[in-house]
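Structural overview
Here is how the chains run, residue by residue.
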Amino acid sequence: MNREAMAELAKKNIDTSSKDLSDFKLTHLELFKQKGFTQKDPEAYKFTNIASFMDALETSPYEGDEIRFENYLDQNFHSVVFIDGVLKSPLPIVAGLSFTSISDAFAKKSFSLIENNPLSHFHHALLGSGIQIEIASKTKIEKPIRLVNIVTRSGITAPTIIIKAQPFSEASILEENYDQAIAHAVISESYVHIEAGAIIEHIQLSHGSESALMHSTTQAYVGRDGKYNNLLLNLSGKLNRRNLGLELLDSGAHGESYNLYLTNKTEHSDISTVIHHRAADSTSNQIAKGILDGDSKGIFTGKIHIYPQAQRVVSGQLNKNLLLSNKAQAHSQPQLEIFADDVKCSHGSTTGQLSDDEVFYFMARGIPAEKAKILLAHGFGLEIVHKISNKTSRQKVENIVMEALKTKFQLGASK
Amino acid sequence: MKIEEKLATEYKYGFVTDIESEEFPKGLSEDIVRLISAKKNEPEWLLEYRLKSYRHWLTLEHPEWQYCKVPPINFQDIYFYSKPKSKKDVYKSLEDVDTELLETFEKLGIPLTEQKRLMGVAVDAVFDSVSVGTTHKEELEKVGVIFCSIQEAVEKHPELVKKYLGTIVPYSDNYYAALNGAVFSDGSFVYIPKGVKCPLDLSTYFRINAKESGQFERTLVIADEGSHVNYLEGCTAPQRDENQLHAAIVELVTLDNAEIKYSTVQNWYAGDKEGKGGIYNFVTKRGHCKGKNSKISWTQVEAGSAITWKYPSCVLIGEGSQGAFYSVALTNHHMQADTGTKMIHIGKNTKSTIISKGISAEKSQNVYRGLVKIMPSATGARNYSQCDSMLIGDQCAANTFPYIDVKNNTAVVEHEATTSKISADQIFYLQSRGFTAEKAVSLIVNGFCKDVFKTLPLEFSVEAVKLIEMKLENSVG
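Just so you know, these numbers come straight off a predicted model, no measurement behind them. (Residues numbered from 1 in each chain as written. Chains lettered and ligands numbered in written order. Predicted model: local features only at pLDDT ≥ 70, side-chain atom pairs only at ≥ 80, totals over all residues.)

**Comments concerning the overall build of chain B**
This is how the line gets drawn: Strands here mean DSSP runs of E at least two residues long; helices mean DSSP runs of H or I at least four residues long; both are numbered from the N terminus. Each radius of gyration is computed over the set of C-alpha atoms, and the globule rule expresses the reference value as 2.2 Å times the number of residues to the power 0.38. Here the C-beta atoms are placed from the backbone, and a residue counts as buried if at least 20 other C-beta atoms lie within 10 Å of its own, exposed if 12 or fewer do, and partly exposed otherwise. Contact between residues is assigned whenever the C-beta positions, reconstructed from backbone atoms, fall within 7 Å.
Along its length, chain B carries 10 helices and 24 strands. Rg of the C-alpha trace for chain B: 22 Å, near the compact-globule value of 23 Å for 477 residues, within the 12% margin. By principal-axis analysis of the C-alpha atoms, chain B measures approximately 65 × 55 × 50 Å. Of all 477 residues assigned to chain B, the portion counted as buried reaches 56%. Counting only contacts in chain B whose residues sit at least 6 apart along the sequence, the fraction spanning at least 24 positions is 83%.

Laid out in structure tokens, this is it:
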């Protein structure tokens, strides 16, 4: 699907029920037509050529059984199920939790979007699907909220998720993406606003089929003493390009970013995060881990920017890659930009294979090498999952990740 | 605690030698390139090389990706060739060199005359565009070591120069490599024959003196099988209000089991407190470890230049070859530095080590940018990188941009970076034991840089410690 076809698709999608919205979409459609996939920073998409991925996207009709949203409900969660970007399940009714459709929220001007990636204009031109979630102040939502998107039609969906956490609220949100093994692209944008003292856990799980493209951008703003815990998990899919922008706006704001990417065959995973420490006494922590096999590529770019006024910032970053084949490639680009002097910042990066010493340790204790390798690789990946603080979310994600680890890599089998 | 402006240290080497110089007209054109070549009696192939570089340079645009603000440079306003005027066209021996020049180098602490020579170090002194003299030549000739200016090497050993010149850093490499390829003037040429451990440390001292000129030297060091050499490089320039360009190329080659240790103490004039003047130091330095088990190490102490922009690199081709990069980059006032290294692993079991220490003070900006690339052929490659930054004052910046590309699963690559400031506890500890705050800071900074300083040859190590102390004198707050 080339640029013209994408523009055509966006054009079809514009209805005239709301003039403001259709005007907004038309403006961005024009901008997309003009600018295409251009990007301000030439290095940001150095390893991922969006245009060539989009060009290679072929569309084919879905011929399987009809998908029923009921199959995707889970009683341990407040589930919201979308099929091809359209909300299908009834919205959960919970005290302190309110949902608004994107078109209504747009009409109320309750959010603003930003353009910071080569697909921003295209996404805005398709604006409509998705949901706005608001958590009332001083409310703790006990059950985690689960947003499931299932794609059955080939083409492009462009969901928008807005999360508004009012002061001193707390919630855990799990985003899941599945598809019926068809070629498609999900171009999503999420905006998270965390007011003073609010705590949000946000898990974004991409579990696409062989020909699925995923491009997601998450932009989070954290206020005074607020906490944001973001997990980007790329478990499968032809392309997973995930952007995270984290703005720590006030003192005491704390951000965490944990990433796990599992790639095999020709899969391509590219995670790019930027953490802006704009205020004094803000803190952040980041761990990104990748297990790479086959001909796959894993890219991690993590920037930490500390502004001059942001004194006493403590920030740590770690990237670890485990290469299982001699054709897999890992690219790691940790970046520190520091303009304040009283800070403690560190980053580390390692790339290698399972250590012989560690395998030997297991063997000396009677565990065969094959089993030892499986245990070590699973332990390597699960460290990220264990960063999820909500127990229900953690258990669910752990099951999914364990399954992916087992089926994806022939660990232990001698190569 | 605030000890600002306690002492006003000035740039020690900021004086100008009042010597008439012979300059070509300002600006750059094919004619100038031909003139430079003719002046040096160069063979046809070298002129061709210069012209190819020049034509390629014309097609290039100034790069924009660097993390430093480079004001537009007017290449038509620079003297590309400047030579101290003398009765002789070429300095055949030190007796031909004018006394003013010898005095200049003496003032810089580099005595060239027979009786005052440094023990154990052979020096090639380069003044603007020409080499004024090389010491200890006879002693080196005895063991077959060739140490002379590039111009002399082109005359006497054309086969060696032709074989290696431009093979490590081709003119098409980057903007300033192309410029240098077109207009390069003197630099040093070193050839260490098979199995020879060079009996002396070799050293080149660069001095820019002429106004509105640029220095574009070229250095080529070849270490044949089983040889070993220590090479040192130092540089200074007078204090001037306008910026001057220094765009050099250094090429190193090591064959089987050979080793080159290349050390630089860079102290070009860095501009005044307001950031006026200073040298733009845009240098391409690269070494090829061609032979098995060969080694190249770069050690640099970057304390000068208004803008430093260079990445001394190692391409590890031979099986078991090793590359190392040790760097201390200190910036103060309005200095900018975007420096680091590239380690390209191609051969099996290649190893590289990177240790980089950045110190930024006042309004300066210090960037570490480094690439570690493990190619699919580099089975068993190993890299360890560590880059630490220290900030002194709240208006400076320290940035780290490592790029790590691994394409072989047997490689082990590690990278670590930290940024911090000197803690009040550490200073208090030293103060309570009778050190002044300033002395305490200098002690802590020197300790921070120890890993790098200890890899320097003794004379340089002492100089480096003093240089860092001197530079920091005003910036402690």
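**Some words on the overall build of chain A**
Regarding its fold elements, chain A presents 8 helices and 20 strands. In terms of C-alpha radius of gyration, chain A reaches 21 Å, essentially the compact-globule figure of 22 Å for 415 residues. Dimensions of chain A along its principal axes, counting C-alpha atoms only, are 70 × 55 × 45 Å. Residues classed as buried in chain A amount to 50% of the 415 residues present. The long-range fraction of contacts in chain A, counting pairs at least 24 apart against all pairs at least 6 apart in sequence, stands at 82%.

**What about the packing of helix H9 (residues 437–453) of chain B against helix H10 (residues 458–472) of chain B?**
Packed helices, taken two at a time, are described by the angle between their axes plus the distance between the axes. Residues and elements named next belong to chain B. Here is the rule we go by: Think of each axis as a best-fit line through the C-alpha atoms, taken over the contacting stretch in the case of a helix, with angles from 0 to 180 degrees between the N-to-C directions. The handedness criterion is simple: a crossing whose near helix is rotated anticlockwise from the far helix by less than a right angle is left-handed, and one whose near helix is rotated clockwise is right-handed. Gly is put with the polar residues, along with every residue not named as nonpolar or charged; the nonpolar set is Ala, Val, Leu, Ile, Met, Phe, Trp, Tyr, Cys and Pro, and the charged set is Asp, Glu, Lys and Arg.
With their axes 10 Å apart at the nearest point, H9 and H10 run at an angle of 145° to one another. When the axes of H9 and H10 are compared, the crossing they make is right-handed. Across the interface between the two elements, Val441, Ser442, Val445, Asn446, Cys449 and Phe453 of H9 pack against Ser461, Ala464, Val465, Ile468, Glu469 and Leu472 of H10. Its residues assigned to classes, the contact of H9 with H10 shows 8 nonpolar, 3 polar and 1 charged.

**Observations concerning unusual backbone geometry**
All names here are of chain A. Even without being a glycine, aspartate 84 presents a positive backbone phi close to 50°. Structurally, the position occupied by aspartate 84 is in the loop between strand E1 (78–83) and strand E2 (86–87). A tally of 18 C-beta atoms within 10 Å means that aspartate 84 is categorised as partly exposed. If you check the backbone angles, aspartate 281 has positive phi at about 60° while not being a glycine.

**So, the interface of chain B and chain A**
Rules: Each pair of strands is called paired provided DSSP finds at least two bridges between the two strands.
Taken residue by residue, the interface counts 31 residues in chain B and 31 residues in chain A. Looking at the side of chain B that touches chain A, the elements with two or more residues in it are strand E22 (382–392), strand E23 (397–406) and strand E24 (412–421) of chain B. Bridge count between strand E19 (residues 329–338) of chain A and E23(B): 6 bridges; the pairing is antiparallel. Each bridged residue has a counterpart across the sheet, and for A:Ala330 the counterpart in E23(B) is B:Val406.

**Description of the pairing of strand E11 (residues 212–222) of chain A**
Residues and elements named next belong to chain A. Among the 11 residues in E11, 10 count as buried, and that is most of the element. Where strand E9 (residues 184–194) and E11 come together, 11 bridges link them in parallel fashion. By the bridge assignment, tyrosine 191 is partnered in E11 with glutamine 219. Across 10 bridges, the pairing between E11 and strand E13 (residues 239–248) is parallel. The residue bridging glutamine 219 from the neighbouring strand is glycine 245, located in E13.

**Quick notes on the environment of A:Ile400**
Mapped onto the fold, A:Ile400 is located in helix H8 (residues 391–408). For the pair A:Ile400 and A:Leu29, spaced 371 residues apart in the sequence, the C-alpha separation amounts to 37 Å.

**So, the packing of helix H1 (residues 30–39) of chain B against helix H2 (residues 44–58) of chain B**
All names here are of chain B. Using the following cut-off: With respect to orientation, any angle under 35 degrees is reported as roughly parallel, any angle over 145 as roughly antiparallel, any angle of 65 to 115 as roughly perpendicular, and every other angle as oblique.
At a closest axis distance of 10 Å, the pairing of H1 and H2 adopts a crossing angle of 155°. With respect to H2, the axis of H1 lies roughly antiparallel. Handedness of the crossing formed by H1 with H2: right-handed. From H1, Glu30, Val33, Arg34 and Ser37 reach across to H2, where they touch Leu46, Leu47, Arg50, Leu51 and Tyr54.

**Points about H9(B)**
An α-helical segment advances 3.6 residues per turn. Residues three or four places apart therefore align on the same side. Residues and elements named next belong to chain B. For the record, the criterion: One fewer than the residue count of a helix, multiplied by 1.5 Å, yields its expected span. Axes are fitted to the seven residues ending at a residue and to the seven starting at it; the angle between these axes is taken as the bend at that residue.
Spanning 17 residues, H9 covers 22 Å between terminal C-alpha atoms, matching the ideal 24 Å at 1.5 Å per step. Roughly 35° is the biggest bend found in H9, and it falls at glycine 447. Along H9, the positions that sit buried rather than exposed are Ala440, Val441, Ser442, Val445, Phe448, Cys449, Val452 and Phe453.

**Considerations on the nonpolar core**
Quick note on the threshold: What makes a nonpolar core is a set of buried Ala, Val, Leu, Ile, Met, Phe, Trp, Tyr and Cys residues, with links drawn between C-beta atoms within 7 Å.
Counting residues in hydrophobic clusters, the biggest one holds 214 residues, and the most contacted among them are A:Ile200, A:Ile338 and B:Val190. By residue number, the principal contributor to this core is H9(B), which donates 7 residues. For A:Ile200, the contacting residues outside a window of four places in its chain are A:Ile163, A:Ala165, A:Ala171, A:Ile173, A:Val192, A:Ile194 and A:Tyr228. Counting residues in each nonpolar core, the second largest holds 27 residues, with A:Met1, A:Ala10, A:Ile156 and A:Ile187 among its members.

**Description of the environment of B:Phe184**
Residues and elements named next belong to chain B. With respect to the helices, strands and loops of the structure, phenylalanine 184 is situated in the loop between helix H7 (175–183) and strand E6 (188–192). What makes phenylalanine 184 buried here is the crowd of 27 C-beta atoms within 10 Å. Residues in contact with phenylalanine 184, not counting those within four places in the same chain, are Phe216, Glu217, Arg218 and Ile249.

**Examining the pairing of strand E7 (residues 201–207) of chain B**
Residues and elements named next belong to chain B. The buried fraction of E7 is high, at 7 of 7 residues. Of the two faces of E7, both are covered, the one formed by Asp201, Ser203, Tyr205 and Arg207 as well as the one formed by Leu202, Thr204 and Phe206. Direction of pairing for strand E3 (residues 121–127) relative to E7: parallel, over a ladder of 7 bridges. Across the sheet, phenylalanine 127 pairs through a bridge with arginine 207, a residue of E7. By the bridge criterion, 6 bridges tie E7 to strand E9 (residues 228–236) in an arrangement that is parallel. In the strand pairing of E9, arginine 207 is matched with threonine 236.

**Description of the confidence of the model for chain B**
Close inspection of predicted coordinates is inappropriate for parts of the model with low pLDDT. Here is the rule we go by: The predictor attaches a confidence to each residue, and that confidence, scored 0 to 100, is pLDDT.
On average, chain B scores 86 in pLDDT, and the residues at 70 or more come to 91%. Scored below 50 in pLDDT, residues 1–8 of chain B shows 11 contacts in the model against residues more than four places distant or in partner chains.

**Considerations on the environment of B:Gly271**
All names here are of chain B. Tracing the backbone shows glycine 271 in the loop between strand E12 (259–266) and strand E13 (278–289). Using a count of 24 C-beta atoms within 10 Å as the deciding quantity, one classes glycine 271 as buried. As a C-alpha pair, glycine 271 and aspartate 241 span 30 residues in sequence and 7.4 Å in three-dimensional space. Sequence-distant contacts of glycine 271, that is, excluding residues within four places in its chain, are made with Lys276, Gly277, Gly278, Ala306, His333 and His334.

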